[in-house]
Amino acid sequence: MQYVSTRATSASASRNPETFSSILLGGLAPDGGLFMPAEYPRVSGEELNAWRKLPYAELAYEILRKFATDIPDADIKALTAKTYTADVYRNARAEESASDITPLRTLEEEGGRKLVLQALSNGPTLAFKDMAMQLLGNLFEYALAKNEDELNIFGATSGDTGSAAEYAMRGKRGVRVFMLSPAGKMSPFQTAQMFSLQDPNIFNIAVEGVFDDCQDLVKAVSNDLSFKARHKIGTVNSINWARVVAQVVYYFRGYLAATTANSQKVSFTVPSGNFGNICAGHIARMMGLPIDKLVVATNENDVLDEFFRTGVYRVRKSSETYHTSSPSMDISKASNFERFIYDLVGRDSERTHALFRKVETHGGFDLSGGPDADGDEFRRVGEYGFVSGKSTHLDRLETIRMVADDYGIVIDTHTADGIKVAREHMTPGVTMIVLETALAAKFNETILEALGTDAERPAGFEDIESLPQKFVLMRPNVDEMKTFIAAHTGL
Ligand SMILES: *Cc1c(COP(=O)(O)O)cnc(C)c1O
């Protein structure tokens, strides 16, 4: 299996295909594109039948080995077995089985319409990012040990990504994490989750400023290429290919658990921000998984809903990005979207490059086929199963109440966006699976507003705010940041 850049041209810096291991630790391709498999591995009906009974870790092994063909099978098997255990995904609700890893739960079954929730948020940080990040931690440790190398992950977070990265990398040999967050701006719960980690390879840096200041610091340090190389600086953002592959697994798992024969189809609704999660659904579909619709659910930041309704992709300025009660979907542009557009335009990398150059120069592109449009490929979106919808704060409150009243469970705000939009796209005879991307305890403020009671906390999280916290407070100053990193990498 080889990987190509979505922007590869005969003249570009990434015209040569790469292996899984060579793109594992990196981010963007050198030409600014995203890595994609040169072709999708196909899964046969016999394989699907055989996979129906597999435990999650073995299913992950079967799928990963199709993409990571340069890693020995026995090593992949050991890595997936270590990652997908009931011990890691132990925050399953009382009525769920932790060993299912991503347990399904039927909310509604009426007149051939079936609504199912797939729990992806039972990992250590109570959000779906653990599904991929925990595997990434083990893959990184494995690859670094093999090459006798080390890696210093440097990033900025306003919540979910940073904590998932830290819980995946804590205690891993060869890896350090330097994570910036805006001082005093995260919820007390999220702050406690990150800052209570005492591992010597985890460095929490609270920056006196807002999230954009943190991101600017990451950019400034990363743009110093010699510093970056000398200190082996890397990232773990949502464009990382291995994260996308790890997410492909739970679409297969959800399908196989919800069906009894391959003639049946399911749809997935996915609370979306950077298009990482649902991009994995697209890949599963391209591999041959019988998915009917892929429903993109957005919050008030509706960049993606606008595209899937109109064919116009129009990124927002950061000043136009709303701070919502489903904050992990507050994005101004969707960093994985280029992967889908590459397929939509027939894998034409020159054209993909031109479209995303236009995003930088003109703030977007238009594939609607209208008089001044950049193309008419939007007419093909339906062939890929995509539809979309949007949910607002009021929808979220209403949905959280409705789900609590009707089905007796408390869902988080992002999942509420998913359920709201899923109900607009149900078809008789096709099971609708909504991906549960976080547990309610993480977003208690809105739960309290909706229900008048606190969200239940999983065991071990009851008193998290009172644990001792380890962090340093810094000013948003590039030189001081570099000095801090240099002092702790020992390179
Ligand atoms: C990251 C996140 C999302 C959005 O996922 P994308 O891959 O960026 O589309 C949705 N919900 C929660 C809880 C998240 O943490």
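Above: the structure in question.
Note that the structure is predicted; figures quoted are calculated from it, not measured. (Residues numbered from 1 in each chain as written. Predicted model: local features only at pLDDT ≥ 70, side-chain atom pairs only at ≥ 80, totals over all residues. Heavy atoms only, no water.)

Peer 1: Account for the overall build of the chain, naming residues and giving values.
Peer 2: Secondary structure assignment for the chain yields 18 helices and 15 strands. With 491 residues in all, the chain has 59% of them scored as buried. Put simply, 74% of the contacts in the chain that link residues at least 6 apart link residues at least 24 apart. Here the chain has roughly 19200 Å² of accessible surface; of this, 49% comes from carbon and sulfur atoms. Counting 52 positive and 65 negative side-chain charges, the chain places the averaged centre of each group 3 Å from the other. (Helix = DSSP H or I, 4+ residues; strand = E, 2+ residues; numbered from the N terminus. Buried < 20%, exposed > 50% of the residue type's maximum accessible area, 1.4 Å probe, protein only. Contact = heavy atoms within 4.5 Å. Areas by Shrake-Rupley, 256 points an atom, 1.4 Å probe, with all protein chains shown as cover. Lys, Arg positive; Asp, Glu negative; His and termini not counted. Charge placed at Lys NZ, Arg CZ, Asp CG, Glu CD.)

Peer 1: A description of the pattern of salt bridges should follow, citing residues and the corresponding values.
Peer 2: As enumerated under the stated definition, the model contains 32 salt bridges in all. The shortest N-O distance in the salt bridge between Arg-176 and Glu-150 comes to 3.2 Å. In this pair, Arg-176 sits in strand β6 (residues 175-182) while Glu-150 sits in the loop between α5 (129-146) and β5 (151-156), placing the two residues 26 residues apart along the sequence. According to the relative accessible area criterion, Glu-150 is partly exposed, its value standing at 26%. Between Arg-396 and Asp-417 there is a salt bridge; the shortest N-O distance is 2.8 Å. A residue pair is termed long-range when its members are at least 10 positions apart, and Arg-396 in helix α15 (residues 393-407) and Asp-417 in helix α16 (residues 413-422) qualify at 21 residues. A residue is classified by how much of its surface remains accessible, and Arg-396, at 0% relative accessible area, is buried. By relative accessible area, Asp-417 is classed as buried at 0%. (Salt bridge = Lys/Arg side-chain N within 4 Å of Asp/Glu carboxyl O.)

Peer 1: Can you explain empty space enclosed by the protein? Please cite residues and give values.
Peer 2: In the structure shown here, the tally under the stated rule is one cavity of 30 Å³ or more. As a volume, the largest cavity reaches approximately 30 Å³. Class assignment of the residues belonging to the lining of the largest cavity gives a composition of four nonpolar, three polar and one charged. (1 Å grid on protein atoms, 1.4 Å probe; cavity = no way out; pocket = protein on both sides within 12 Å on 5 of 7 lines; lining within 4 Å. Points joined across faces, edges and corners; volume = space filled by probe spheres on them. Nonpolar A, V, L, I, M, F, W, Y, C, P; charged D, E, K, R; others polar.)

Peer 1: How would you explain the site of the ligand if you had to name every residue and give the values?
Peer 2: Of all residues adjacent to the ligand, which total 15 residues, the nearest are Lys-129, Asp-160, Gly-273, Asn-274 and Asn-277. Take Gly-273: an N or O atom from its main chain is 2.8 Å from an oxygen atom of the ligand. Gly-276 has a polar backbone atom sitting 3.2 Å from an oxygen atom of the ligand. Summarising the interface, the protein chains cover 97% of the accessible area of the ligand, which totals 380 Å² for the free molecule. A per-class count over the shell around the ligand returns five nonpolar, eight polar and two charged. (Near = heavy atom within 4 Å. Polar contact = N/O pair within 3.5 Å; in protein donor to acceptor, adjacent residues only side chain to side chain.)

Peer 1: Talk me through the sheet that holds strand β4 (residues 113-119); I want residue IDs and the actual numbers.
Peer 2: Strand order in the open sheet formed by six strands is β3-β4-β14-β9-β10-β13, and the pairing between neighbours is mixed. If you trace the sheet from one side to the other, it starts and ends with β3 (104-110) and β13 (386-390), each paired once. With direction set aside, neighbouring strand axes in the sheet form an average angle of 20 degrees. One ladder, built from six bridges, connects β3 with β4; its direction is antiparallel. Paired with Glu-110 across the strands is Arg-113, a residue of β4. Contacts from helix α12 (residues 303-310) reach β10 (291-298) and β13 within the one sheet, and its direction differs from that of β13 by about 130 degrees. (Pairing = 2+ DSSP bridges. Axes fitted to C-alpha atoms, helices over the stretch in contact; angles between N-to-C directions.)

Peer 1: Help me get a handle on the packing of helix α8 (residues 211-223) against helix α18 (residues 478-489), residues and values and all.
Peer 2: At a minimum axis distance of 10 Å, the contact between α8 and α18 shows a crossing angle of 70 degrees. Overall, the two elements α8 and α18 adopt an arrangement that is roughly perpendicular. Note on packing geometry: the crossing formed by α8 with α18 is right-handed. Contact residues: α8 offers Leu-217, Ala-220 and Val-221, while α18 offers Val-478, Met-481, Lys-482 and Ile-485. Residue classes in the contact of α8 with α18 are distributed as six nonpolar, no polar and one charged. (Parallel < 35°, antiparallel > 145°, perpendicular 65-115°, else oblique. Left-handed = near helix turned anticlockwise from the far one by under 90°.)

Peer 1: How would you sum up the layout of surface pockets? Please name residues and give values.
Peer 2: Quantified by volume, the second largest pocket comes out at close to 460 Å³. Going through the elements one at a time, α4 (73-83), α5 and α6 (160-169) are the ones with two or more residues in the lining of the second largest pocket. Taken together, the residues that form the lining of the second largest pocket break down as nine nonpolar, seven polar and five charged.

Peer 1: Can you lay out the nonpolar core for me, pointing to particular residues and giving the numbers?
Peer 2: Among the nonpolar cores identified, the biggest contains 111 residues, and Tyr-251, Phe-252, Phe-275, Phe-307, Phe-337 and Ile-341 are the most heavily contacted of them. At 13 residues, helix α10 (residues 241-258) tops the list of elements feeding residues into this core. Leave out the neighbours within four places in its chain, and Tyr-251 touches Phe-268, Val-270, Asn-277, Ile-278, Ala-280, Gly-281, Ala-284, Leu-289, Leu-294 and Leu-435. Within the second largest apolar cluster, 23 residues are counted, among which are Ala-416, Ile-419, Ala-422 and Met-432. (Core = buried A, V, L, I, M, F, W, Y, C linked by side-chain atoms within 4.5 Å.)

Peer 1: Give me the packing of aromatic side chains: which residues, what numbers.
Peer 2: Summed over the entire model, instances satisfying the criterion amount to 30 aromatic pairs. Ring plane angle 15 degrees and centroid distance 5.8 Å describe the contact between Tyr-84 and Tyr-89, whose orientation is recorded as stacked. Overall, Tyr-84 belongs to the buried group, its relative accessible area being 5%. Note on Tyr-89: relative accessible area 0%, which makes it buried. Here the basic side chain of Lys-470 rests over the ring of Phe-203, its NZ or CZ set 5.8 Å away from the ring centre. Across from the ring centre of Phe-227, 5.7 Å away, lies the NZ or CZ of Lys-482, which sits over that ring. (Phe/Tyr/Trp six-rings, centres within 6.5 Å; stacked < 30°, edge-to-face > 60°. Lys NZ or Arg CZ within 6 Å of the ring centre and 35° of its normal.)

Peer 1: Go over the packing of α4 against α5, please, and point to the residues and values.
Peer 2: The description of two helices packed together rests on the angle between their axes and the distance between the axes. Viewed as axis vectors pointing N to C, α4 and α5 meet at an angle of 140 degrees, and their least axial separation amounts to 9 Å. In terms of their interaxial angle, α4 and α5 are classed as oblique. Taken as a pair, α4 and α5 cross one another with a handedness that is right-handed. Counting all contacts with α4, which are made through Asp-75, Leu-79, Thr-80, Lys-82 and Thr-83, the residues of α5 involved are Gln-134, Leu-135, Asn-138, Leu-139, Glu-141, Tyr-142 and Lys-146.

Peer 1: Explain the environment of Tyr-56 residue by residue, including any values.
Peer 2: Looking at the element boundaries, Tyr-56 is found in helix α3 (residues 56-67). Spatially, the C-alpha atoms of Tyr-56 and Tyr-250 are 8.3 Å apart, while their sequence positions differ by 194 residues. In this structure Tyr-56 touches Tyr-84, Asp-100, Ile-101, Thr-102, Met-131, Ala-246, Val-249, Tyr-250 and Arg-253, once residues within four positions along its chain are discounted.

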